[in-house]
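Summary of the model geometry
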Number of protein chains: 2
Amino acid sequence: MSDKNNCTSDANAKCSCKGYNLDKLLQPNILILLAKESLHGYSIIQALEKKDLFFGEKADNTGIYRTLSKLEERGMIRFEWELENTGPAKKVYHITDEGLECLSNWIDTLESYRKIIEGMTEEAKSILNK
Amino acid sequence: MSDKNNCTSDANAKCSCKGYNLDKLLQPNILILLAKESLHGYSIIQALEKKDLFFGEKADNTGIYRTLSKLEERGMIRFEWELENTGPAKKVYHITDEGLECLSNWIDTLESYRKIIEGMTEEAKSILNK
DNA sequence: TAACGCTATTGGATATAGTCTAATATTAGG
DNA sequence: CCTAATATTAGACTATATCCAATAGCGTTA
């Protein structure tokens, strides 16, 4: 079996069909966490890692901090600096009313999305007789 | 009710929570179509529009043609020029063995993805009491 | 025949989401 | 003091998709 005839060939080693490039849905995932409790960036990273959100891959810190900044710019979340305890200063984020409404929209959006993905999977299965 | 307190405010009019920025999963969608029959780009566009894949939005031609080029570069699909019939020349694409294996991988990936999205939706619902 | 619309493909610039690498800073433990 | 863990940020880059524009063949119709 030649390497060219499967998605593990050099050129396709990181083919999207393995899930590497799927949207991690960081915005709704972060809103869900913050709807339950206020957290700072680093603890959000750890919470997302626990969830095994990333197809076994570890979370990307930079991406999460960038998403937090963007959500803050849009008024979905706000933060206060926490200097009290031990360790470096932390930005403790909490969700706003706008963020809760955004999360409510996300529920409908994700349900539609799930149906689309379900339909695709069923169609692909029937074609390949899987 | 102020405009600032919902996702329809100017700044958030095209908020991702409405689904505008979701991955359209063009790669697997195109592979599914081509696993059933060979097609040229423009007919793929029309087929995807019929599916209402895009949250009611119309398909973006450029994106579909770019995805076709990428899939072709990676050996998932191949094309022949069709000059016979009326109209401009068409690139008729057909799926390769590698493309079929890629689609098979996509089935597992999409099933995992669906479960992740389902879990997120349920969690968000329980938090918001929806 | 000129104008228009449909079919069919491509290119440039931009947007959004996320990754990789590196840097900075505080503090606790050995 | 050195290192590891905690905590945040910046620059460059990749993947996916969008918006606008251009090109080109062909049929209809005014």
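A brief look at the structure comes next.

**With respect to the packing of aromatic side chains**
Enumeration according to the criterion identifies five aromatic pairs over all chains in this entry. Judged by centre distance (6.1 Å) and plane angle (90 degrees), the rings of Phe-79 of chain B and Trp-81 of chain B are edge-to-face. Taking relative accessible area as the criterion, Phe-79 of chain B reaches 24% and is therefore assigned partly exposed. Under the relative-accessibility criterion, Trp-81 of chain B is labelled exposed at 51%. One aromatic cluster is present, formed by Phe-79, Trp-81 and Tyr-93 of chain A through successive ring pairs. Here Lys-91 of chain A stacks its cationic end above the ring of Phe-79 of chain A, 4.5 Å away from the centre of that ring.

**Brief notes about helix H4 (residues 97–128) of chain B**
Between its terminal C-alpha atoms H4 of chain B stretches 46 Å, which fits the 46 Å expected from 32 residues at 1.5 Å a residue. Phi for Asn-129 of chain B, located one or two positions after H4 of chain B, is positive at around 55 degrees.

**Remarks on the protein's contact with DNA strand D**
Taken together, 26 residues lie around DNA strand D, and Ser-16, Tyr-65, Arg-66 and Lys-90 of chain A together with Asp-23 of chain B are the ones closest in. The share of sugar and phosphate among atoms of DNA strand D within 4 Å of the protein is 60%. Take Arg-66 of chain B: an N or O atom from its side chain is 3.4 Å from a base oxygen of DNA strand D. Here Lys-70 of chain B contributes a side-chain N or O atom positioned 2.8 Å from a phosphate oxygen of DNA strand D. Mapped onto the surface near DNA strand D, the elements with two or more residues apiece are helix H2 (41–50), helix H3 (61–73) and strand S3 (90–95) of chain A together with helix H1 (26–36) and helix H3 (61–73) of chain B.

**A look at the pattern of salt bridges**
All chains considered together, the criterion is met by ten salt bridges over all chains. Linking Glu-123 of chain A and Lys-36 of chain B is a salt bridge whose minimum nitrogen-to-oxygen distance equals 2.6 Å. Taken together, the residues span two chains, with Glu-123 of chain A in helix H4 (residues 97–128) and Lys-36 of chain B in helix H1. When its relative accessible area of 22% is taken as the criterion, Glu-123 of chain A is described as partly exposed. One salt bridge connects Glu-111 of chain B with Lys-125 of chain A, and the closest N-O pair in it is separated by 2.8 Å. Highlighted residues: Glu-111 of chain B in helix H4 and Lys-125 of chain A in helix H4, drawn from two different chains. Residue classification places Glu-111 of chain B among the partly exposed residues on the basis of a relative accessible area of 24%. Lys-125 of chain A sits in the partly exposed class, given a relative accessible area of 28%. Salt bridges here are not isolated pairs; linked through shared partners, they connect Arg-114 and Glu-118 of chain A together with Arg-114 and Glu-118 of chain B.

**Section: the protein's contact with DNA strand C**
By nearness alone, 26 residues border DNA strand C, and Asp-23 of chain A together with Ser-16, Arg-66, Lys-90 and Lys-91 of chain B come closest of all. The protein-proximal atoms of DNA strand C, defined as those within 4 Å of the protein, are 60% sugar or phosphate. A distance of 2.5 Å separates a phosphate oxygen of DNA strand C from a polar atom in the side chain of Ser-16 of chain B. Within the side chain of Tyr-65 of chain B, an N or O atom sits 3.1 Å from a phosphate oxygen of DNA strand C. Mapped by element, the contributors of at least two residues to the surface near DNA strand C are helix H1 (26–36) and H3 of chain A together with helix H2 (41–50), H3 and strand S3 (90–95) of chain B. When grouped by side-chain class, the residues that make up the surface near DNA strand C number seven nonpolar, eleven polar and eight charged.

Here is what the cut-offs are and how they apply
- Residues numbered from 1 in each chain as written.
- Chains lettered and ligands numbered in written order.
- Predicted model: local features only at pLDDT ≥ 70, side-chain atom pairs only at ≥ 80, totals over all residues.
- Heavy atoms only, no water.
- Phe/Tyr/Trp six-rings, centres within 6.5 Å; stacked < 30°, edge-to-face > 60°.
- Buried < 20%, exposed > 50% of the residue type's maximum accessible area, 1.4 Å probe, protein only.
- Lys NZ or Arg CZ within 6 Å of the ring centre and 35° of its normal.
- Helix = DSSP H or I, 4+ residues; strand = E, 2+ residues; numbered from the N terminus.
- Expected span 1.5 Å × (residues − 1).
- Near = heavy atom within 4 Å.
- Polar contact = N/O pair within 3.5 Å; in protein donor to acceptor, adjacent residues only side chain to side chain.
- Salt bridge = Lys/Arg side-chain N within 4 Å of Asp/Glu carboxyl O.
- Nonpolar A, V, L, I, M, F, W, Y, C, P; charged D, E, K, R; others polar.

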